[in-house]
Amino acid sequence: MTDRFHWSKAVAGVMDALVVPAFGAPGILIRSQGWTEDLGRVDLRGQRFIVTGANAGIGLAITTALARQGAQVDLVCRDQLRATDAIETVSNSVRSTPYGPEAQLNVVLADLTDLQATRAACVQLAQDPTPIEALVHNAGALFSQRILSPQGVEQTFALHVLNPFLMTALLLKPFREHRRARVIWVSSGGMYTQRLKVRDLAKGADRFDGVVAYAQCKRAQIEVMKRMHEGEHKHGLVISAMHPGWADTRGVRESLPRFRQLTRWFLRDAAQGADTALWLALSAEAKQAGGRLYLDRVPRSEHIPWSGTQTAEEDIDALWALCERLCGVTWPD
Ligand SMILES: NC(=O)c1ccc[n+]([C@@H]2O[C@H](COP(=O)([O-])OP(=O)(O)OC[C@H]3O[C@@H](n4cnc5c(N)ncnc54)[C@H](OP(=O)(O)O)[C@@H]3O)[C@@H](O)[C@H]2O)c1
């Protein structure tokens, strides 16, 4: 172990204890001094991945990294033009890498606030017999107004919780057959601010606040992920969550312009925001990662000490039942 590694580990420990300082670019730069796995060297030719919200920001960075290593990536996007642009961007950037020209990029169109569209996307995804190595639930957005989805559900909840719940449920058969798939939920450090209020999720709180609704749903993602992993690890699935820290993406630029103005010097780039999702999808070490929340390849507490944000078991039961009811599925044993 080098002196440099000792130094970086101590600084990373202090940043982690203070929770928020680790979210910016310095967090990953310091933490990465201790990493031994080089994810850029894995040969992914013939291996299949699904990434939602793959045409921008963190999803685009995940897709690019997978394509660079020759993978098949199914990009689940809601807009054909943006998806086509993304494929062109990815293809151009991986063209001169050893395996990049062998990457296969397929578009599956779906507005993921609409459960019918999620269902149709899953039918299309299930038609391809190639086993799925990992599904990354990345699509996300922060909405300034309460708008209901086509099924009458507040769209923050529909997009971040119901859609990944339903998508995982509908792909469960191939996942269980493959016995080594990984499912990754892209959550957010915003969830640290919230104790789950299940009653507000389906329709939104009486006085809607988009930032609170977003953080509530990111908290709900963690609870659903843990419950799902508990049931699925006996079938070989590894289900985990990560949060990207704070990355300078269109999502942050458009939804939190003042925050971005203040923190711009401190933000990560999209590739740094994507790193832990890639690690969870690819790393041999991350095969043991199920049921936990990760930042910078390290499992993290889901709560800031003394914040009172722990979720009662009956609230997790109620959340799970709500997901099953609104998605119209009963989770199989
Ligand atoms: N950036 C950060 O600092 C940060 C921090 C914490 C968590 N996150 C999480 O990271 C994930 C990616 O965010 P980002 O920062 O990369 O944002 P982004 O650049 O805005 O990308 C979001 C992606 O999600 C897609 N999406 C949004 N609504 C959708 C819908 N209804 N149906 C299908 N796709 C939809 C977008 O597609 P369109 O292009 O069609 O809109 C886009 O591809 C999100 O889950 C976000 O909550 C980000």
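Above: the structure in question.
Residues numbered from 1 in each chain as written. Predicted model: local features only at pLDDT ≥ 70, side-chain atom pairs only at ≥ 80, totals over all residues. Heavy atoms only, no water.

A. The arrangement of the overall build of the protein chain in detail. Helices and strands together make up the secondary structure of the protein chain, namely twelve helices and eight strands. Its C-alpha atoms give the protein chain a radius of gyration of 19 Å, within 12% of the compact-globule value 20 Å for 333 residues. If one aligns the C-alpha atoms of the protein chain with their principal axes, the spans along those axes are about 50 × 50 × 40 Å. Sequence separation of at least 24 residues holds for 77% of the intrachain contacts in the protein chain that already meet a minimum separation of 6. Carbon and sulfur atoms make up 52% of the accessible area of the protein chain, which amounts to about 15,200 Å² in all. Once the 38 positive and 35 negative side-chain charges of the protein chain are each reduced to a mean point, those two points are 2 Å apart. (Helix = DSSP H or I, 4+ residues; strand = E, 2+ residues; numbered from the N terminus. Rg over C-alpha atoms; globule rule 2.2 N^0.38 Å. Contact = heavy atoms within 4.5 Å. Areas by Shrake-Rupley, 256 points an atom, 1.4 Å probe, with all protein chains shown as cover. Lys, Arg positive; Asp, Glu negative; His and termini not counted. Charge placed at Lys NZ, Arg CZ, Asp CG, Glu CD.)

B. Fine view of the nonpolar core. Ranked by size, the top nonpolar core spans 56 residues in total, and within it Phe 157, Phe 165, Leu 171, Leu 201, Val 224 and Leu 319 carry the most contacts. In contact with Leu 171, other than residues within four places in its own chain, are Ile 50, Cys 122, Leu 125, Ala 126, Ile 132 and Leu 135. If you look at the next biggest cluster of nonpolar residues, it comprises 40 residues, including Leu 60, Leu 105, Ile 184 and Ala 270. (Core = buried A, V, L, I, M, F, W, Y, C linked by side-chain atoms within 4.5 Å. Buried < 20%, exposed > 50% of the residue type's maximum accessible area, 1.4 Å probe, protein only.)

C. Up close: the side chain of Arg 297. Along the chain, Arg 297 turns up in the loop between β7 (293-295) and β8 (298-300). Taking relative accessible area as the criterion, Arg 297 reaches 11% and is therefore assigned buried. For Arg 297, the side chain forms a polar contact with the side chain of Asp 275, separated by 2.8 Å. For Arg 297, the contacting residues outside a window of four places in its chain are Trp 35, Glu 37, Leu 39, Asp 275, Thr 276 and Trp 279. (Polar contact = N/O pair within 3.5 Å; in protein donor to acceptor, adjacent residues only side chain to side chain.)

D. Quick peek at helix α6 (residues 155-170). At Leu 162, α6 is deflected by roughly 35°, the largest bend along its length, and proline Pro 164 occurs up to four residues later in sequence. The buried count for α6 comes to 15 of 16 residues, which makes it a mostly enclosed element. (Bend = angle between axes of the 7 residues up to and from the residue.)

E. Quick look at the pairing of strand β6 (residues 238-242). Of all five residues in β6, five are buried, a share of seventy percent or more. Covered by surrounding structure in β6 are Val 238, Ser 240 and Met 242 together with Ile 239 and Ala 241, the residues of both alternating faces. Alignment of strand β5 (residues 182-186) against β6, held across five bridges, turns out to be parallel. Residue pairing across strands places Ile 184 opposite Ser 240, the latter belonging to β6. What joins β5 to β6 is helix α8 (residues 210-232), and the crossover it makes is right-handed. (Pairing = 2+ DSSP bridges. Right-handed = clockwise from strand over helix to strand, strands pointing away.)

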